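Now for the letters of each chain:
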Amino acid sequence: MEEDILIQISNRIKERRREKNITVQELAVRANVSKGLISQIENSRTIPSLMVLIEIIKALEIDLNEFFKDIRSKSDHLPILIKRKSEYEHFEKEHAIGFHYQRIFTQSITQSTVDIVILELEPGALRPLVETDAFEYKYILQGEVEYQFNDERIPIHQGDSMLFDGRIPHTPKNLGNTTAIMLAVYFFEEKK
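Each residue is numbered by its place in its chain's sequence as written, counting from 1. A pLDDT threshold of at least 70 governs which residues receive local features in this predicted model, and a stricter bar of 80 or more applies before side-chain atom pairs are shown or counted, although totals over entire chains, interfaces and linings include all residues. Side-chain measures here rest on the full set of heavy atoms in the structure, leaving out hydrogens and waters.

Per an unreviewed UniProt entry, the chain carries the name Transcriptional regulator with XRE-family HTH domain and comes from Mucilaginibacter lappiensis.

Next up, the structure:
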């Protein structure tokens, strides 16, 4: 992520928190993070993980689409958030043996439609760049996929996840010799 996008995200968190008259401490409690981390994020001194960012946006009671609306880099791209499998946060939900939870994404879905799809990409599958009027979340179940966003190419492997604004022209390419499988979740904002 480019530095200017991080500053925009930091500033937006601070602005929305102040608009809602929430203290740094209150936001930290709601997002289940430390007060110091919120302060560091708001002052652009640290980069939040995807999950922390999503929890903060949720704690601010802001729709994800609305939060990222109009955030642009100098090259006029929208943010693409990558979460590698090694970065997922483990947690326990109840007293049970053999249950392993990993939080990879949380989203409030008021006034939006969610479409959940399994996408299988055969080796050599081709498609031109497309745009979707939705935020897209992709989780790679099997294989290795390269996502093209205009001139940028991002490889994502089994267990990795990605969140991006589908209005960025994009297309996936299977990098392997076997079928790649991904979970795709589309968040369509209701038109007003």
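This brings us to the overall build of the chain. Regarding its fold elements, the chain presents five helices and ten strands. Each residue gets one of three labels from its accessible area relative to the maximum for its type: buried under 20%, exposed over 50%, partly exposed in between, using a 1.4 Å probe on protein chains only. Across the 192 residues in the chain, those meeting the buried criterion constitute 44%. Only the protein chains shown count as cover for residues, with accessible areas throughout obtained via the Shrake-Rupley method and a probe of 1.4 Å. Carbon and sulfur atoms form 48% of the exposed surface of the chain, whose accessible area is close to 11,000 Å². Runs of E in the DSSP output that reach at least two residues are strands. Runs of H or I that reach at least four are helices, and both are numbered from the N terminus.

Another aspect to go through is the pairing of strand β5 (residues 135–142). When you tally the buried positions in β5, you get six out of eight residues, the bulk of the element. Pairing between strands requires that DSSP locate at least two bridges from one strand to the other. By the bridge criterion, five bridges tie β5 to strand β8 (residues 161–165) in an arrangement that is antiparallel. Paired with phenylalanine 135 across the strands is aspartate 165, a residue of β8. As paired elements, β5 and strand β10 (residues 180–189) share seven bridges and run antiparallel to each other. Paired with glutamate 136 across the strands is tyrosine 186, a residue of β10.

Turning our eyes to something else, we now look at helix α4 (residues 50–59). Most of α4 is tucked away: nine of the ten residues are buried. The set of residues buried in α4 consists of Leu50, Met51, Val52, Leu53, Ile54, Glu55, Ile56, Ile57 and Ala59. A positive phi of about 55 degrees marks glutamate 61, the residue just after α4.

Once that is clear, we can look at the sheet that holds strand β9 (residues 170–174). Spatially, the three strands line up as an open sheet ordered β7-β6-β9, and their pairing is antiparallel. Of all strands in the sheet, those with a lone pairing partner are β7 (152–157) and β9, marking the two edges. Recorded for the sheet is a direction-independent mean angle of 25 degrees between the axes of neighbouring strands. The convention used is that axes are lines fitted to C-alpha atoms, helices contributing only their stretch in contact, and that angles between N-to-C directions extend from 0 to 180 degrees.

Here the focus is the nonpolar core. Remark: nonpolar core denotes a set of buried residues (Ala, Val, Leu, Ile, Met, Phe, Trp, Tyr, Cys) joined through side-chain atoms within 4.5 Å. Within the largest apolar cluster, 30 residues are counted, with the highest numbers of intra-cluster contacts made by Ile13, Leu27, Ile56, Phe67 and Phe68. Among the secondary structure elements, those contributing two or more residues to this core are α1 (3–19), α2 (24–31), α3 (35–42), α4, α5 (64–68), β5 and β10. Here this core gets eight residues from one element, more than from any other, and that element is α4. Boundaries of every domain are those given by an automatic assignment or by a domain database. Counting only domains with at least three residues in this core, you end up with domain 1 (1–68) and domain 2 (85–189). Residues Leu121, Ile140, Val145 and Ile156 belong to the second largest nonpolar core, which totals twelve residues.

A separate point is the packing of α2 against α4. At their nearest, the axes of α2 and α4 sit 8 Å apart, and the two run at 115 degrees to each other. The hand of the α2/α4 crossing is right-handed. On α4, the residues touching Leu27, Arg30 and Ala31 of α2 are Glu55, Ile56 and Ala59. When residue character is reported, Ala, Val, Leu, Ile, Met, Phe, Trp, Tyr, Cys and Pro are called nonpolar, Asp, Glu, Lys and Arg charged, and the others, Gly included, polar. Among the residues making up the contact of α2 with α4, the classes are represented as four nonpolar, no polar and two charged. In this scheme the handedness of a crossing depends on how the near helix is turned from the far one: anticlockwise by less than a right angle means left-handed, clockwise means right-handed. Whether two residues are in contact is decided by their heavy atoms: any pair within 4.5 Å suffices.

Relative to the helices and strands, glutamine 8 resides in helix α1. On the accessibility criterion, glutamine 8 (25% relative accessible area) is partly exposed. Put simply, glutamine 8 and glutamate 42 are 34 residues apart on the chain and 9.7 Å apart in space, counted from C-alpha to C-alpha.

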